[in-house]
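Descriptive structure summary
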There are 2 protein chains.
Amino acid sequence: MNLRELSESLGLSQTTVSRALNGYPEVREETRLRIQAAAEAAGYTPNSRARRLATGRSMAIGHVMPLTGREELVNPIFADFIAGAGEVYAREGYDLLLSMVPAEGAEAAYRQMAANASVDAVMVQAPTLDDPRIALLQDLGLPFLVHGRTANPSTYSWFDVANVRAFRRATDLLLDLGHRKIALLNGQETLDFALRRRRGFEDAMAARNVAVTPQWMRAEVMTEQYGYRAACEMLDAEMSPTAFVVSSIIPAIGVRRAAGERGLRTGRDISIICHDDALSYMGNDGLNAPEGPAFTATRSSIRAAGRRCAEILLRLIDDPDQPPIQELWETELTLGRSTGPAPT
Amino acid sequence: MNLRELSESLGLSQTTVSRALNGYPEVREETRLRIQAAAEAAGYTPNSRARRLATGRSMAIGHVMPLTGREELVNPIFADFIAGAGEVYAREGYDLLLSMVPAEGAEAAYRQMAANASVDAVMVQAPTLDDPRIALLQDLGLPFLVHGRTANPSTYSWFDVANVRAFRRATDLLLDLGHRKIALLNGQETLDFALRRRRGFEDAMAARNVAVTPQWMRAEVMTEQYGYRAACEMLDAEMSPTAFVVSSIIPAIGVRRAAGERGLRTGRDISIICHDDALSYMGNDGLNAPEGPAFTATRSSIRAAGRRCAEILLRLIDDPDQPPIQELWETELTLGRSTGPAPT
DNA sequence: TGGCCAACTCAAAGCGCTTTGGAGAATGCG
DNA sequence: CGCATTCTCCAAAGCGCTTTGAGTTGGCCA
């Protein structure tokens, strides 16, 4: 059943039927109801392909999911982010077009999305300090929202969490607990968020006149193995840290594994504090858990971020020439069982 | 730049230009080269919306990512699966349309995809024993591939891993190590794969005349917290298991956490064997890890599965009336550090 | 020379919808 | 009553591509 057939069956023009179904005011209410009823009865759904061509809108948002590292790892954090965004898209009638490409291929992916106009806007994730994608998208004239920021974030719309403050507070907590030998297991420091987190860490240490120890600072792709290996090396060295600030719950699990193998109790012999994206399957929220969260963490739900980013992006589509929308969320410091006073 | 402009600039008809660019034989090679050069020079890309309307194909595959449980959890396993599938789609020029809906909404999502023809085929994941989506899709005439199987898998195309054998072997390994008090932390047993895994576990136990202990068998959404809580309860009980068979690496991490808190060394005081989907950020593959994988596991890369599923699905699109394609992969049993002889 | 086939190329008809620019009918106003 | 509005509704022109069916060449053979 298409529009022509439906309108013929009603003895009306396609124009009227189309307008009735799309809520335009030029059609009498009574007629509209009759048309809607007929459409429903006939199981009519407008062909989205035809509609897209006619309107020039894709009703789709492009997400380019970066595959990081040489092994092209798939970060589970993006799954939650996308789930959040997807909720909003679904609600607003948008499709989510997902393109997974290694970091080098991202530019080509965006170019193609712009060239064949398969999406109305794109979401940019995990920007580097001076991310070339931003200039590219501005150039292409494709609306976009950056989840995160770059060094110079004034010219475009972005959404971010307060990474510096989050990591400063996390480090402060450890310092308050008496820790002085603190390691930082950061994410890749080509990414802007990692640099901000490092700054938060360093600021906190400097404010207390605690020197940072270079061999206790790492910056790699945030896998479980990375946390494990880094912790193993540090814990096996002559001088070892008593606390770890970790960029994600995943490497934090690796740190706990390393500690456990050495007979060190997390939260007593060793403290771990991590950033927690509130990944749903990790359930570090402490909900339904009388014992509380496993990890003390700076928490910010990546899924909620996805929802918010989607909302902002859709606003950007409606009026692409408005001034940039920029939003910063604070994180929440949640106490879990992975931190305790520095061992004496 | 559109086709009309391009063809006018060349002094050729749209037909010829279109055919030249799409590789039809009716155009002289010399002409084709001239056209291609001009298209490239002009930066011409066919408008995908127009093309989709004209061809009646969407060049897109729908994935409906189920949000499980009351909390609508996002399973990170799907991220890897989708990444694998996405690789293939990108290579073949297909888009990946992702729709995230709670389990109850899946049917509506598929219906809509079929109704407005926004995709050429869909991927069905995590089927239940008698999944209604299959009849629905057959009814709608939308090509689909099931990742997993149902109770009666003869009428449709599917791809699955040998879950029964995997879990039988896993359990056998523990039995060989002398364990008799073995717990099963399964996934939700509404899902077909979980039932198969349970069967594998029970078969192995029965073959050795070891009785299963009902209170050591759980079936829930595979979160870290689930593994933790279940293990806590079992380990704190009067009689406690010495080994755990776990449906995924994520709850296995929870089991390890529970054990660690109790001062039990994983791989010595307690054994854990889990199914490992080779999630990239978990890195349980033991690659680049001289100490080997953390967990002994039945391994099958979910990403490779995604790739294979995509390949099969695309074949199905090309010829929807062919007999069902069905493929079963074996898992690989990898020894890690989480298993050891039963404590005496 | 005429006829036929291959090799090219083209005009035009869709694909199914939205949207512009009216047209006719009903209503309001002086 | 006549004219201007306001409601309703319509015909037709796109959107930019693919594809059908129909030429138009030029070469080759009888």
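What you are looking at is a predicted structure, and each value in this text was computed from that prediction instead of being measured.

**Overview of the overall build of chain A**
Within chain A, the secondary structure is distributed over twelve helices and twelve strands. In terms of overall dimensions, chain A has C-alpha extents of about 90 × 45 × 35 Å along its principal axes. By residue count, 57% of the 344 residues in chain A fall in the buried class. Sequence separation of 24 or more characterises 68% of the internal contacts of chain A that already satisfy a separation of 6 or more. Carbon and sulfur atoms form 49% of the exposed surface of chain A, whose accessible area is close to 14300 Å².

**Regarding the pairing of strand β5 (residues 158–161) of chain B**
Residues in a regular strand point their side chains to alternate faces of the sheet. All names here are of chain B. Of the two faces of β5, the one lined by W158 and D160 and the one lined by F159 and V161 are each fully buried. By the bridge criterion, two bridges tie strand β4 (residues 144–147) to β5 in an arrangement that is parallel. Note that in β5 the partner of V146 across the bridge is W158. Here β5 pairs with strand β11 (residues 326–329) via four bridges, running parallel. Counterpart to W158 in the pairing with β11 is Q326.

**Structural notes on the pattern of salt bridges**
Residues and elements named next belong to chain A. Across all of its chains, the model carries 55 salt bridges over all chains by this definition. In this structure, the salt-bridge partner of D160 is R149, at a minimum N-O distance of 2.9 Å. Of this pair, D160 sits in strand β5 (residues 158–161) while R149 sits in the loop between β4 (144–147) and β5, and the two are eleven residues apart along the sequence. Pair check on accessibility: D160 and R149 agree, each one buried. D276 is paired through a salt bridge with R299; the nearest N and O atoms lie 3.8 Å apart. In this pair, D276 sits in strand β9 (residues 271–276) while R299 sits in strand β10 (residues 296–299), placing the two residues 23 residues apart along the sequence. A relative accessible area of 14% places R299 in the buried class. Among the charged side chains, a salt-bridge network with shared partners connects R91, E92, R308, E311 and E327.

**Things to note about the protein's contact with DNA strand C**
Around DNA strand C sit 27 residues, and of these L3, S18 and R19 of chain A together with S13 and T15 of chain B come closest. The share of sugar and phosphate among atoms of DNA strand C within 4 Å of the protein is 58%. In this structure, a phosphate oxygen belonging to DNA strand C sits 2.5 Å away from a side-chain N or O atom of S18 of chain A. In this structure, T15 of chain B approaches DNA strand C through a side-chain N or O atom, which is 2.4 Å from a base nitrogen. For the surface near DNA strand C, the elements supplying multiple residues, two or more each, are α2 (14–21) and α4 (48–55) of chain A together with α2 (14–22) and α4 (48–55) of chain B. The class makeup of the residues in the surface near DNA strand C is ten nonpolar, twelve polar and five charged.

**What about the relation of the copies chain B and chain A?**
Between chain B and chain A, which share one sequence, the superposing operator has a rotation angle of 180° and an axial displacement of 0.0 Å; the RMSD is 0.1 Å. Given the turn and translation reported, the copies of this chain are related as if by a two-fold rotation axis. Mapped onto chain A, 100% of the interface residues of chain B are again interface residues, and the two copies thus contact each other with one and the same surface.

**So, the protein's contact with DNA strand D**
For DNA strand D, the set of nearby residues contains 27 residues, the closest of which are T15 and R19 of chain A together with L3, S18 and R19 of chain B. Among all atoms of DNA strand D positioned within 4 Å of the protein, those belonging to sugar or phosphate total 58%. A distance of 2.8 Å separates a phosphate oxygen of DNA strand D from a polar atom in the backbone of S13 of chain A. Between DNA strand D and T31 of chain A there is a distance of 3.0 Å, counted from a phosphate oxygen to a side-chain nitrogen or oxygen. Of all the secondary-structure elements, those providing two or more residues to the surface near DNA strand D are α2 and α4 of chain A together with α2 and α4 of chain B. Here the element with the most residues in the surface near DNA strand D is α2 of chain B; it accounts for five residues. By residue class, the composition of the surface near DNA strand D is ten nonpolar, twelve polar and five charged.

**Brief notes about the sheet that holds strand β6 (residues 182–186) of chain A**
Residues and elements named next belong to chain A. Read from one edge of the open sheet, six strands run β7-β6-β8-β9-β10-β12, paired in mixed fashion. Only two strands of the sheet have a single neighbouring strand rather than two, namely β7 (217–219) and β12 (332–334). On average, each strand axis in the sheet is inclined to that of its neighbour by 15°, with strand direction left out of account. Where β6 and β7 come together, three bridges link them in parallel fashion. Counted as the bridge partner of L184 is M217 from β7.

**Some remarks on the packing of aromatic side chains**
Considering all chains together, one arrives at four aromatic pairs over all chains under this definition. An angle of 75° between the planes, with centres 4.8 Å apart, marks the rings of F159 of chain A and W329 of chain A as edge-to-face. One end of the pair, F159 of chain A, is in strand β5; the other, W329 of chain A, is in strand β11 (residues 326–329), and 170 residues separate them in sequence. The buried category is assigned to F159 of chain A, whose relative accessible area is 0%. Above the face of the Y228 of chain A ring, R257 of chain A is positioned so that its terminal group lies 3.7 Å from the ring centre. Lying across the ring of W158 of chain B, R149 of chain B places its NZ or CZ 4.8 Å from the centre.

**Digging into the sheet that holds strand β2 (residues 95–102) of chain B**
Ordered in space as β11(A)-β5(A)-β4(A)-β3(A)-β1(A)-β2(A)-β2(B)-β1(B)-β3(B)-β4(B)-β5(B)-β11(B), the twelve strands form an open sheet in which the pairing is mixed. Strands at the two margins of the open sheet, each flanked by one partner only, are β11 of chain A together with β11 of chain B. The mean angle between the axes of side-by-side strands here comes to 20°, regardless of whether they run parallel or antiparallel.

**Examining the interface of chain B and chain A**
In this assembly, 63 residues from chain B lie in contact with 63 residues from chain A. Summing both sides of the interface, chain B and chain A together bury roughly 5300 Å²; the carbon and sulfur share of this comes to 55%. At the junction of chain B and chain A, the tally comes to five salt bridges. E224 of chain B is the salt-bridge partner of R256 of chain A, the closest N and O atoms lying 3.7 Å from each other. Where chain B meets chain A, there are 23 residue pairs in polar contact (both at pLDDT 80 or more). For the side of chain B that touches chain A, the secondary-structure elements that each account for two or more residues are α4, β1 (60–67), α5 (76–92), β2, α10 (224–236) and α11 (249–261) of chain B.

**Describing the domain arrangement of chain A**
You can read the domains of chain A as domain 1 (3–46), domain 2 (60–161 + 302–329) and domain 3 (163–301). Computed from C-alpha atoms alone, the centre-to-centre distance between domain 1 of chain A and domain 3 of chain A is 60 Å.

**A word on the packing of helix α5 (residues 76–92) of chain A against helix α12 (residues 302–318) of chain A**
Residues and elements named next belong to chain A. Interaxial distance between α5 and α12 falls to 7 Å at its minimum, and their mutual angle equals 40°. Regarding the angle of α5 to α12, the classification is oblique. Judged by the sense of rotation from one axis to the other, the crossing of α5 with α12 is right-handed. For the pair α5 and α12, the contacting residues are I77, D80, F81, A83, G84, A85, E87, V88, Y89, R91 and E92 in the first and I302, R303, A305, G306, R307, C309, A310, E311, L313 and L314 in the second. Looking at the contact of α5 with α12 residue by residue, the classes come out as twelve nonpolar, two polar and seven charged.

Thresholds, definitions, all that
Residues numbered from 1 in each chain as written. Chains lettered and ligands numbered in written order. Predicted model: local features only at pLDDT ≥ 70, side-chain atom pairs only at ≥ 80, totals over all residues. Heavy atoms only, no water. Helix = DSSP H or I, 4+ residues; strand = E, 2+ residues; numbered from the N terminus. Buried < 20%, exposed > 50% of the residue type's maximum accessible area, 1.4 Å probe, protein only. Contact = heavy atoms within 4.5 Å. Areas by Shrake-Rupley, 256 points an atom, 1.4 Å probe, with all protein chains shown as cover. Pairing = 2+ DSSP bridges. Salt bridge = Lys/Arg side-chain N within 4 Å of Asp/Glu carboxyl O. Near = heavy atom within 4 Å. Polar contact = N/O pair within 3.5 Å; in protein donor to acceptor, adjacent residues only side chain to side chain. Nonpolar A, V, L, I, M, F, W, Y, C, P; charged D, E, K, R; others polar. Least-squares fit on C-alpha atoms with pLDDT ≥ 70 in both. Axes fitted to C-alpha atoms, helices over the stretch in contact; angles between N-to-C directions. Phe/Tyr/Trp six-rings, centres within 6.5 Å; stacked < 30°, edge-to-face > 60°. Lys NZ or Arg CZ within 6 Å of the ring centre and 35° of its normal. Buried area = accessible area lost by both parts, 1.4 Å probe. Domains from an automatic or database assignment. Parallel < 35°, antiparallel > 145°, perpendicular 65-115°, else oblique. Left-handed = near helix turned anticlockwise from the far one by under 90°.

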